[in-house]
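Residue strings, one per chain:
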Amino acid sequence: MFSTRWWVIMSMAALFFWAVSLQAEEDDPKLRDKKLSEWIELLQNGKTVEARKAGLLAVQLIGPRKSRKVTQALLAAVRENTEDGIRAGAATALGAIAAQAREDDDIPTDKIRDALAAALRSDKKPTVRRAAAAALGKMKGRAIGAVDVLALALKDTDANTRTEAAFSLRRLGRNADEALGDLQTALKNAKLERLTRIHCAYALGNIGSSEPVPILKGILADTKNDLELRRACAEALGQLAEKAADAVPTLAAVLTAKGSNVVLRRASAQALDQMGPEARPALSALRSALKDDDQFVRSLSLHAISQMGRDLGEERKLAIDGILMAMDDNVLEVRITAIEALGNLGVEGLGEQSKAVVTRLTAATRDPQKAVSEAAKLALKKLQGMP
């Protein structure tokens, strides 16, 4: 009896000490025969920058899921480390940790956000502010509480920090609506670097408010502005869709302007396509664009027209004739898009052109190109209700 009790007691004691030992191992995991605590000490107090960089890398490699001390050490580094390169590296690491954190992870994303916001707001080194701004962008929705700091950073003295702040606000999408006014101010500022303004334009499109439409269309219309900036404004207007209906005439003008760059023509055609029936005032321009040199402009214009249906009005015959001509395009994809456009217009959209369209589609079902014949068959199915 004694020996049995003794064995049970000793087994329980061994189990207890094993559990304690295991917990200690988890709290201080090893990498390359060094404990996490040793790497953290190197990160904090290494005698050289290279030594601290080694500590930073090791802490990142161990990762926050193996020990809470990883995130704590990185938070301390971004706040207190005397080397700006280490603070910047810690900011980048924290952004990646927060971005990858799962709901069931014990990772304090709110503390990470606040530490990064503090670094962006007050660190004296632009490299650190830049890294903090970029890291907040990686956090996306988890960085909502730092939108005001990112908006303020659009006025930072460092150009790269301004650009990173604008890009992060762009990545936040509708969550950046608090920065709507600051983004518009930055976009209008012709003295700012082009990339910052480009990100601001896209951010405004992502937010989804109609408020910046006058600014966006004004920049798009001015041929003296940077090409990529104008393109960004056109694409932002497309993102706003029907909310940007006031910009339809501007988009139509850019689409058909003599000498207009193909990048702008594509962006304008796509924006009009995204506006659906609201693009009706641009129908004449879209019909002209069916003869554009660029196949993507032609395809986008075809699709835009196909969404107008009954709204084609007096230009119906001209529009449908243009689509029928596009069925003979020398680019297969454009031919298919033209066929699909006829099917999408439906019975009401085709009106008295219905019989001519059906005859043409029926002939297309015998086309040697399988993709064309299949598209024609599908379009005819959509028009089955036609008398």
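Placed above this text is the structure.
I will try to describe carefully the structure that is included in this document. None of these values were measured; they are calculated from a predicted model.

So, on to the overall build of the protein chain. Across its full length, the protein chain holds 21 helices and 2 strands. Relative to its length of 387 residues, the protein chain is extended, with a C-alpha radius of gyration of 30 Å against a globular reference of 21 Å. For the protein chain, the proportion of contacts with a sequence separation of at least 24, taken over those separated by at least 6, is 64%. For the protein chain, the accessible surface area stands at approximately 19,800 Å², while carbon and sulfur atoms represent 52% of it. Charge centroids of the protein chain, computed over 57 positive and 50 negative side chains, lie 2 Å from each other.

Before going further, it helps to examine the packing of helix H5 (residues 84-100) against helix H6 (residues 109-122). Taken N-terminus to C-terminus, the directions of H5 and H6 make an angle of 150 degrees; their axes are 10 Å apart at the nearest point. Seen from above, H5 lies across H6 with left-handed handedness. Touching Ala91, Leu94, Gly95, Ile97 and Ala98 of H5 are Thr109, Ile112 and Leu116, all from H6.

This part is about the packing of aromatic side chains. One pass over the full model with this rule turns up 0 aromatic pairs. The ring of Trp39 has Lys34 sitting right over it, with the charged end atom 4.8 Å from the ring centre.

Attention now moves to the environment of Lys243. One can find Lys243 in the loop between helix H13 (227-240) and helix H14 (248-256). Among the residues examined, Lys243 registers a relative accessible area of 43% and is labelled partly exposed. Separated by 150 residues in the primary sequence, Lys243 and Ala93 have C-alpha atoms spaced 39 Å apart.

We now examine the layout of surface pockets. Here the largest pocket defines a volume of roughly 240 Å³. Lining of the largest pocket is provided by Arg287, Leu290, Lys291, Leu318, Asp321, Gly322, Met325, Ala326, Asp328 and Asp329. For the lining of the largest pocket, the element with the most residues is helix H18 (residues 316-326), which contributes 5 residues. Within the lining of the largest pocket, the residues separate by chemical class into 4 nonpolar, 1 polar and 5 charged.

Counted according to the given criterion, the structure contains 24 salt bridges. Measuring nitrogen to oxygen at the nearest pair gives 3.2 Å for the salt bridge that ties Arg194 to Asp226. Taken together, the residues span a long stretch of sequence, with Arg194 in helix H11 (residues 194-207) and Asp226 in the loop between helix H12 (213-221) and H13 at a distance of 32 residues. When the shortest N-O distance is used, the salt bridge between Glu315 and Arg280 registers 3.4 Å. Here the residue Glu315 occupies a position in the loop between helix H17 (295-306) and H18, and Arg280 occupies one in the loop between helix H15 (262-274) and helix H16 (283-289), the gap between them amounting to 35 residues. The exposure class of Arg280 is partly exposed, given its relative accessible area of 22%. Bridged by salt links that share partners, the residues Arg65, Arg102, Asp104 and Asp105 form one connected network.

We now examine the environment of Ala356. If you trace the backbone, Ala356 turns up in helix H20 (residues 354-364). Using a relative accessible area of 43% as the deciding quantity, one classes Ala356 as partly exposed. Taking C-alpha positions, Ala356 is 44 Å from Leu204, a pair spaced 152 residues apart along the chain.

This part is about the nonpolar core. With 124 residues, the main nonpolar core has Leu74, Ile112, Leu169, Leu183, Leu187, Leu237 and Leu342 as its most contacted residues. Filtering out sequence-adjacent residues up to four positions away, Leu183 remains in contact with Leu154, Leu169, Cys200, Ala203, Leu204 and Ile207.

With that settled, consider H18. Regarding H18, the residues found buried are Arg316, Ala319, Ile320, Gly322, Ile323, Leu324 and Ala326. Structurally, H18 contributes buried residues whose contacts are with H16, H17, helix H19 (332-350) and H20.

This part is about the packing of helix H3 (residues 49-62) against H5. Where H3 contacts H5, the two axes come as close as 10 Å, and the packing angle between them is 10 degrees. With respect to H5, the element H3 is oriented roughly parallel. Seen from H3, the contacting residues are Val49, Arg52, Lys53, Leu56 and Gln60; seen from H5, they are Ile86, Gly89, Ala90 and Ala93. Grouping the constituent residues of the contact of H3 with H5 by class yields 5 nonpolar, 2 polar and 2 charged.

Rules used in this analysis
Residues numbered from 1 in each chain as written. Predicted model: local features only at pLDDT ≥ 70, side-chain atom pairs only at ≥ 80, totals over all residues. Heavy atoms only, no water. Helix = DSSP H or I, 4+ residues; strand = E, 2+ residues; numbered from the N terminus. Rg over C-alpha atoms; globule rule 2.2 N^0.38 Å. Contact = heavy atoms within 4.5 Å. Areas by Shrake-Rupley, 256 points an atom, 1.4 Å probe, with all protein chains shown as cover. Lys, Arg positive; Asp, Glu negative; His and termini not counted. Charge placed at Lys NZ, Arg CZ, Asp CG, Glu CD. Axes fitted to C-alpha atoms, helices over the stretch in contact; angles between N-to-C directions. Left-handed = near helix turned anticlockwise from the far one by under 90°. Phe/Tyr/Trp six-rings, centres within 6.5 Å; stacked < 30°, edge-to-face > 60°. Lys NZ or Arg CZ within 6 Å of the ring centre and 35° of its normal. Buried < 20%, exposed > 50% of the residue type's maximum accessible area, 1.4 Å probe, protein only. 1 Å grid on protein atoms, 1.4 Å probe; cavity = no way out; pocket = protein on both sides within 12 Å on 5 of 7 lines; lining within 4 Å. Points joined across faces, edges and corners; volume = space filled by probe spheres on them. Nonpolar A, V, L, I, M, F, W, Y, C, P; charged D, E, K, R; others polar. Salt bridge = Lys/Arg side-chain N within 4 Å of Asp/Glu carboxyl O. Core = buried A, V, L, I, M, F, W, Y, C linked by side-chain atoms within 4.5 Å. Parallel < 35°, antiparallel > 145°, perpendicular 65-115°, else oblique.

In short, geometric facts, not functional conclusions.
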